[in-house]
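# Summary of the model geometry
Letter by letter, the chains look like this.
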Amino acid sequence: MRGRQKDRLRIALQSAGRLTRESTEVLRHAGLEFEEHDRRLIAPCRNFELDILFVRDDDIPEYVQDGVVDLGIVGWNTVCESGARVEMVQELAFGYCQLVVAVPRASTARSVRDLAGLRIATAYPRTLRGFLSEQGVEAQVIQIRGGAEVAPTLDLADAICDLVSTGSTLKINDLRPVATLLESQAVLVAHPSSLADERRAAAIRRLWVRIDAYLTARRLRYVMLNCPRSALDAVRSVLPGLRSPTVIPLADPEMVAVHAAVEEEVFWDVLERLKEAGGSDILVLSIEKMMR
Ligand code: PRT
Ligand code: ZN
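The structure reproduced in this document is the subject of the present report. Just so it is clear, the model here is predicted, and its values are computed rather than measured. Within each chain, residue numbers correspond to sequence positions counted from 1 in written order. Each chain takes a letter, starting from A, and each ligand takes a number, starting from 1, following the order in which they are written. Local features in this predicted model are restricted to residues whose pLDDT is 70 or higher, and side-chain atom pairs enter the listing and the counts only when it is 80 or higher, whereas totals over whole chains, interfaces and linings include all residues. As a rule here, side-chain values come from all non-hydrogen atoms in the structure, and water together with hydrogens is ignored.

### Some thoughts on a nonpolar patch on the surface
How we decide: Each patch is built from residues that are more than 30% exposed by relative accessible area and take part in no salt bridge. Like charges join if they lie within 9 Å; nonpolar side chains (Val, Leu, Ile, Met, Phe, Trp, Tyr) join within 5 Å. To measure how exposed things are, a 1.4 Å probe is used in the Shrake-Rupley method; for residues, cover is taken only from the protein chains shown. Each reported salt bridge corresponds to a side-chain nitrogen of Lys or Arg within 4 Å of a carboxyl oxygen of Asp or Glu. Secondary structure elements are taken from DSSP: a helix is a run of H or I of four residues or more, a strand is a run of E of two residues or more, and numbering for both begins at the N terminus.
A surface patch of nonpolar side chains, amounting to about 280 Å² of accessible area, comprises Val150, Leu154 and Leu156. Topologically, Val150 is positioned in the loop between strand 8 (140-143) and strand 9 (159-164).

Below you can see the structure in the form of structure tokens.
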């Protein structure tokens, strides 16, 4: 590894795992150019004062806490489990999952209280212990490295505490969730002193603004439509909560064009209602970047 260059930021990403592809995509969409063949340990960005370090995700919170890197992209679940002191900069809207306690379907346990006295296998002992003590429930925490879902079948445990995204692993193993400890997604975290150092903080802010522009754009669609002037109020009322749409006169004095950014989540609903309100020739474009 090259020596640390004072004038360059460092960010740690997971080298090979569930978060790798989207973590590198976020940086690329933020306009950063870097090589990624075989994810060498360190990849310098050509057009930003940033070096990317590819490591195991479990190491990222400590690296950020200890200042080995200024920034990291990692699951919030991993940050919580590590107990590392890092600054949360931004949620990145991927890697969504929940940390849950689950029991075999036939178990009589229905709620957190029913976990009292049970053996719970988990790779998240710190988070689980914290949760149990908060709930005032005494249970035995069995630390394992992975594959928690088979622990009840092997009679290693009566329950498990593991991440769930689609829920199919629980179903396949005949398990049912009884409690949710944590909602998680990938996050950008920073070393606290990096934010205190004016020059580093400014560079982190520049990077953050770029990432935010991409994430904001990803959530939105640009909608363009025509409508009679008389329908303008009705069309505008379908676009609530958004900044004032752009209204452009057309050659036909009775008609106007309306342009607005619409949240992807409500997008189909909004399109239908725009049509009912008198909109026509509706065009929808994706947005590359958006700064508010
Ligand atoms: O090798 P390295 O240590 O870097 O990677 P890893 O094997 O420790 O982690 P990896 O790549 O599996 O996961 C990295 C991060 O992805 C996690 O820390 C979470 O933040 C996030 N993530 C999102 C998930 C899941 N969803 C997920 N479903 N991590 C793991 N799972 C597993 C879960 O443990 C269970 O085995 O997937 C299974 C459940 O999935 P469903 O879809 O069947 O519910
Ligand atoms: Zn890991």
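Back to the write-up after that little detour.
### Here we look at the coordination of the zinc ion (ligand 2)
Note the threshold: For Na, K and Ca the donor cutoff is 3.2 Å, while for all other metals N, O and S atoms must lie within 2.8 Å; water is not among the atoms, so some sites may look incomplete. Note on geometry labels: four donors, all angles 85 to 135 degrees, give tetrahedral; four donors become square planar and six octahedral when opposite donors are over 155 degrees apart and every other angle is between 65 and 115; remaining cases are irregular. Only protein chains enter the accessibility calculation, which uses a 1.4 Å probe. A residue is then buried if its area is under 20% of the maximum for its type, exposed if over 50%, and partly exposed in between.
Within the protein, Asp57 (OD) and Asp58 (OD) serve as the donor atoms for the zinc ion (ligand 2), at 1.9 to 2.1 Å. The site at the zinc ion (ligand 2) holds four donor atoms, and with the angles between them running 76 to 169 degrees, its shape is irregular. Residue class for Asp58 comes out partly exposed when judged on its relative accessible area of 42%.

### Details of the nonpolar core
Generally speaking, soluble globular proteins have nonpolar side chains that are buried together. Quick note on the threshold: Take the buried Ala, Val, Leu, Ile, Met, Phe, Trp, Tyr and Cys residues and link them wherever side-chain atoms come within 4.5 Å; each set so joined is a nonpolar core. Contact criterion: two residues are considered in contact whenever any of their non-hydrogen atoms come within 4.5 Å of each other.
In this structure, Ile11, Leu50, Ile52 and Ile211 are the most contacted members of the largest nonpolar core, which totals 28 residues. Contributing elements (two or more residues each) for this core: strand 1 (9-14), helix 1 (20-29), strand 3 (50-55), strand 4 (71-75), strand 11 (186-190) and helix 7 (198-219). A total of six residues in this core trace back to one element, the largest contributor, which is helix 7. Apart from the residues within four sequence positions on either side, Ile11 is in contact with Leu27, Leu50, Asp51, Ile52, Leu53, Val69, Leu71, Gly72, Ile73 and Leu188. By size, the runner-up hydrophobic cluster in this structure holds 20 residues, among which are Leu99, Leu118, Phe131 and Ala159.

### What about the sheet that holds strand 3?
Spelled out, the test is: Strand pairing requires that DSSP identify at least two bridges connecting the strands. To get an axis, a line is fitted to the C-alpha atoms, and for a helix only the part in contact is used. The angle between two axes follows their N-to-C directions and goes from 0 to 180 degrees.
Taken in spatial order, the six strands make up an open sheet running 2-3-1-4-11-5, and their pairing is mixed. Each edge of the sheet is formed by a strand with only one pairing partner; in this case those strands are strand 2 (42-44) and strand 5 (87-91). Within the sheet, the average angular offset between the axes of one strand and its neighbour, ignoring direction, is 25 degrees. Sheet topology places strand 4 next to strand 11; five bridges connect them, and they run antiparallel. Opposite Leu71, over in strand 11, you have Ala190 as the bridge partner. Sheet strands in contact with helix 1 are strand 1, strand 3 and strand 4, and its direction is about 150 degrees off that of strand 1. Against the sheet, helix 7 engages strand 1, strand 3, strand 4, strand 5 and strand 11, with an angle of about 25 degrees to strand 5.

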